[in-house]
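Examining the three-dimensional arrangement
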Amino acid sequence: MLYIVFLGAPGAGKGTQAATVAGKLNLAHVATGDMFREAQKQETELAKQARAYMEKGELVPDGITIQMVLERIAAPDCEKGVIFDGFPRNLKQAEALDEALGKQGKMIGSVIYIKVSEAELLERLGGRWICRQCQTPYHMVNSPPQTPGKCDRCGGELYQRSDDTPETVRERLRVYFAETAPLIDYYARTGKLLEAGGEGSVEDVRERILASLEKGFVR
Ligand code: AMP
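First things first, this report covers the structure right here in the doc. (Residues numbered from 1 in each chain as written. Predicted model: local features only at pLDDT ≥ 70, side-chain atom pairs only at ≥ 80, totals over all residues. Heavy atoms only, no water.)

1. Topic: the layout of surface pockets
- Estimates place the volume of the second largest pocket at around 410 Å³.
- Lining the second largest pocket are 14 residues, with R37, Q40, M54, Y159 and S162 sitting closest to its centre.
- Contributing elements (two or more residues each) for the lining of the second largest pocket: α2 (32-42) and α3 (45-56).
- Among the elements that line the lining of the second largest pocket, the one with the most residues is α2, at five residues.
- By residue class, the composition of the lining of the second largest pocket is two nonpolar, three polar and nine charged. (1 Å grid on protein atoms, 1.4 Å probe; cavity = no way out; pocket = protein on both sides within 12 Å on 5 of 7 lines; lining within 4 Å. Points joined across faces, edges and corners; volume = space filled by probe spheres on them. Helix = DSSP H or I, 4+ residues; strand = E, 2+ residues; numbered from the N terminus. Nonpolar A, V, L, I, M, F, W, Y, C, P; charged D, E, K, R; others polar.)

See below:
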């Protein structure tokens, strides 16, 4: 049973990397942003509560988010372990996760912090388009799809997230630095924090993450 947290700013590449690393290590990929977006498609009660916050780039209230995650990780596909992507996003969520795992005699094994400069984050989020079906991200300048508007992997339609507009991007980064970045220290104090440079090709970053994780496990 292995619990790994992927930490990093919006646009750091958490989603892309968490999906492949989860596949490689046979762990469930629990991405709270994806879960909230999925709920929006189905217009659930959860979606109604989360929508206004997401549109503004603010965090959905902790009570709703924590409950959603704890229910999710009790599912059978999480039995071997989980990669958390986009959760925890503040101290309260981190403590709630530690407490919930602790009650079951479990704990977080490693935290991977994917580090990307602020200038690069702004650049990436500005041109980001995502596949509606498989969530693969593209960048109109740095990694455009072969056919405009279509996903190379699955042929799905590409769209720009409504919270990738310049104003919301600024707010999401502000929230990240105010609320989520303090978790870097929180996890550093537990000795579980591993760092991986998030700039360069997707493959290079993945190799750095896997190498960091390996070092962490033999520590
Ligand atoms: P993401 O896809 O991780 O960038 O998340 C998109 C949006 O979903 C965020 O801007 C928040 O509004 C919401 N969200 C995702 N994860 C969390 C979380 N752990 N806590 C609160 N809100 C979240």
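2. Observations regarding the site of the ligand
- The full set close to the ligand counts 16 residues, and T32, R37, E58, G86 and Q93 are the nearest of them.
- Here R37 contributes a side-chain N or O atom positioned 2.9 Å from an oxygen atom of the ligand.
- A distance of 3.0 Å separates an oxygen atom of the ligand from a polar atom in the side chain of R89.
- Summarising the interface, the protein chains cover 95% of the accessible area of the ligand, which totals 480 Å² for the free molecule.
- It is α2 that provides the largest number of residues to the shell around the ligand, a total of four residues.
- Considering only residue class, the shell around the ligand consists of five nonpolar, five polar and six charged. (Near = heavy atom within 4 Å. Polar contact = N/O pair within 3.5 Å; in protein donor to acceptor, adjacent residues only side chain to side chain. Areas by Shrake-Rupley, 256 points an atom, 1.4 Å probe, with all protein chains shown as cover.)

3. A few points about the pattern of salt bridges
- This model, assessed by the stated rule, comprises 14 salt bridges.
- The partner of R124 in a salt bridge is E120, and the shortest N-O contact between them spans 2.9 Å. Placement of the pair is R124 and E120 together in helix α6 (residues 118-126), with a separation of four residues, close to one helical turn.
- Accessibility expressed as a relative area gives 16% for R124, which makes it buried.
- Overall, E120 belongs to the partly exposed group, its relative accessible area being 24%.
- R172 is the salt-bridge partner of D164, the closest N and O atoms lying 2.8 Å from each other. Grouping residues by exposure puts D164 and R172 together as buried.
- Taken together, the salt bridges that share partners define one network made up of R128, R161, D163, D164 and R172. (Salt bridge = Lys/Arg side-chain N within 4 Å of Asp/Glu carboxyl O. Buried < 20%, exposed > 50% of the residue type's maximum accessible area, 1.4 Å probe, protein only.)

4. Considering the nonpolar core
- F6, F84, Y187 and I209 are the most contacted members of the largest nonpolar core, which has 54 residues in total.
- Discounting residues that sit within four places of it in the chain, Y187 has contacts with V5, L7, P88, A94, I108, V111, K192 and L193. (Core = buried A, V, L, I, M, F, W, Y, C linked by side-chain atoms within 4.5 Å. Contact = heavy atoms within 4.5 Å.)

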